[in-house]
Amino acid sequence: MIPTVGVTRYVTPLREGGSLPGIVEGDDLGTYVCKFHGAGQGARVLVAEIIVGELARKVGLNTPRLVALDLDPEIARYEADEEVQDLLNASAGLNLGVDFLPGAFGYDEELPGDGTEAARVVWLDALCANVDRSWRNPNLLVWHGDLWVIDHGASLYFHHGWAGGIGDPERFAAQPWDPTDHVLLDHAQRLGEIDEELTARIDEAALVEVVAQVPDVWLEPVPGAASPEAQRAAYVRFLTARLATRNWLPKVAAR
């Protein structure tokens, strides 16, 4: 599992997102963006953050370090904002911490290099069906001159339908991905070349390793997958099935 860090102080909310993440300090002296399991989107968004974030690392992309933040609701007593106080009280236990990158700024269309990095981002978003990497919300940061990918919670949409039971992996595998609004699509001319490399890198063993990072407490029982182990196996089946097809991979015209 990802390492666990205790929250020592709630610093400030980040009101750009609807789920009201916040900056917190940890007992390891680190500073993190905390994404709360008690927010309206629930724990599955945190599961997607870990799975896709760790896959991003495996395909050679920069993405912040992830930890599980252990939150004592006593911290809420010192928070004056009632909305934040309610969120802290609803999020006792493990939440997701994303390493805070001080001084990072949003992506502004400057992308040095030969397009390899852009192709990696597009490939990952297509594989995981990420619908949230447009100019309205690029979810890309530039830090010390490097591109960093963040905020993967809008990926892996299939698990939001698991309340009625685990669905069919082949349906997800066959689902095309619409790249029209993707912020890096125009830079991803090397996508075909990168596809071969990354498909070889992300095999079933890599997927098993990635899903093992998810804390058990976020893997709530559903029909057909009553245990955390069964849910992890389901994520592996869905992503393995998708990797075996190419319906999701967009075609990018050469410039």
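About the cut-offs
- Residues numbered from 1 in each chain as written.
- Predicted model: local features only at pLDDT ≥ 70, side-chain atom pairs only at ≥ 80, totals over all residues.
- Heavy atoms only, no water.
- 1 Å grid on protein atoms, 1.4 Å probe; cavity = no way out; pocket = protein on both sides within 12 Å on 5 of 7 lines; lining within 4 Å.
- Points joined across faces, edges and corners; volume = space filled by probe spheres on them.
- Helix = DSSP H or I, 4+ residues; strand = E, 2+ residues; numbered from the N terminus.
- Nonpolar A, V, L, I, M, F, W, Y, C, P; charged D, E, K, R; others polar.
- Pairing = 2+ DSSP bridges.
- Axes fitted to C-alpha atoms, helices over the stretch in contact; angles between N-to-C directions.
- Left-handed = near helix turned anticlockwise from the far one by under 90°.
- Contact = heavy atoms within 4.5 Å.
- Salt bridge = Lys/Arg side-chain N within 4 Å of Asp/Glu carboxyl O.
- Buried < 20%, exposed > 50% of the residue type's maximum accessible area, 1.4 Å probe, protein only.
- Phe/Tyr/Trp six-rings, centres within 6.5 Å; stacked < 30°, edge-to-face > 60°.

**Looking at the layout of surface pockets**
Part 1 of the argument: A volume near 960 Å³ is recorded for the largest pocket.
Part 2 of the argument: Along the wall of the largest pocket there are 37 residues; nearest its centre are Pro21, Lys35, Asn139, Ile150 and Asp151.
Part 3 of the argument: Counting only elements with at least two residues in the lining of the largest pocket, the list comes to strand S3 (31–35), helix H1 (43–58), strand S5 (93–99) and strand S7 (140–143).
Part 4 of the argument: With three residues, the single largest contributor to the lining of the largest pocket is H1.
Part 5 of the argument: Within the lining of the largest pocket, the residues separate by chemical class into 20 nonpolar, 11 polar and six charged.
Part 6 of the argument: Taken as a whole, the second largest pocket encloses approximately 230 Å³ of empty space.
Part 7 of the argument: Along the walls of the second largest pocket sit 16 residues, with Asn130, Val131, Asp132, Trp177 and Asp178 positioned nearest its centre.
Part 8 of the argument: Class assignment for the residues of the lining of the second largest pocket results in six nonpolar, five polar and five charged.

**Some points on the sheet that holds strand S6 (residues 105–106)**
Part 1 of the argument: Taken together, the three strands give an open sheet; going across it, the order is S6-S7-S8, and neighbouring strands pair in antiparallel fashion. In the strand order of this sheet, the two ends are held by S6 and strand S8 (146–149), each with one partner.

**Thoughts on the packing of helix H6 (residues 204–211) against helix H7 (residues 228–243)**
Part 1 of the argument: At a minimum axis distance of 9 Å, the contact between H6 and H7 shows a crossing angle of 145°. Seen from above, H6 lies across H7 with right-handed handedness. Side by side, H6 and H7 meet where Glu204, Leu207, Val208 and Val211 of the first sit next to Arg232, Tyr235, Val236, Leu239, Thr240 and Leu243 of the second.
Part 2 of the argument: Residue composition of the contact of H6 with H7, grouped by class: seven nonpolar, one polar and two charged.

**Some words on the sheet that holds strand S4 (residues 66–71)**
Part 1 of the argument: Here five strands make up a closed barrel; going around it, the order is S1-S2-S3-S5-S4 and the pairing mixed. Strand-to-strand twist of the sheet, defined as the mean angle between neighbouring strand axes without regard to direction, takes the value 55°.
Part 2 of the argument: Two strands pair when backbone bridges link them, and S4 and S5 are joined in this way by six bridges, in the antiparallel orientation. When the bridges of S5 are listed, leucine 69 appears paired with asparagine 95.

**Some details on the pattern of salt bridges**
Part 1 of the argument: In the structure shown here, the tally under the stated rule is 13 salt bridges.
Part 2 of the argument: In this structure, arginine 232 and aspartate 216 form a salt bridge, with 2.6 Å as the shortest nitrogen-oxygen distance. In this pair, arginine 232 is assigned in helix H7 and aspartate 216 in the loop between H6 and H7, connecting sequence segments 16 residues apart.
Part 3 of the argument: In this structure arginine 232 comes out as buried when scored by relative accessible area, which is 14%.
Part 4 of the argument: In this structure aspartate 216 comes out as partly exposed when scored by relative accessible area, which is 41%.
Part 5 of the argument: Bridged by salt links that share partners, the residues Lys35, Glu49 and Asp151 form one connected network.

**Focus on the pairing of strand S1 (residues 4–13)**
Part 1 of the argument: Both S1 and S4 contribute to a ladder of three bridges, which runs parallel. Paired with valine 5 across the bridge in S4 is leucine 69.
Part 2 of the argument: In this structure, S1 lies alongside strand S2 (residues 22–26), joined through five bridges in antiparallel fashion. What sits directly across from proline 13, in S2, is glycine 22.

**Let's talk about the side chain of aspartate 125**
Part 1 of the argument: Its location among the elements puts aspartate 125 in helix H3 (residues 116–127).
Part 2 of the argument: Leave out the neighbours within four places in its chain, and aspartate 125 touches Asn130, Arg133, Trp177 and His182.

**Observations concerning the packing of aromatic side chains**
Part 1 of the argument: A complete count under the given rule lists 11 aromatic pairs for this structure.
Part 2 of the argument: Plain terms: the ring middles of tyrosine 157 and phenylalanine 172 are 5.6 Å apart, the flat faces sit at 70° to each other, and that makes the pair edge-to-face. Within this pair, whereas tyrosine 157 is found in the loop between S8 and helix H4 (169–174), its partner phenylalanine 172 is found in helix H4, the two being separated by 15 residues in sequence.
Part 3 of the argument: You can call tyrosine 157 partly exposed: its relative accessible area is 36%.
Part 4 of the argument: Taking 6.4 Å as the distance between ring centres and 40° as the angle between the ring planes, the aromatic pair formed by phenylalanine 172 and phenylalanine 238 counts as tilted. Residue phenylalanine 172 is located in helix H4, and its partner phenylalanine 238 is located in helix H7; the two are separated by 66 residues in the primary sequence.
Part 5 of the argument: By relative accessible area, phenylalanine 172 is classed as buried at 2%.
Part 6 of the argument: Here the aromatic residues Tyr157, Phe158, Trp162, Phe172, Tyr235 and Phe238 are joined through ring pairs into a cluster of three or more.

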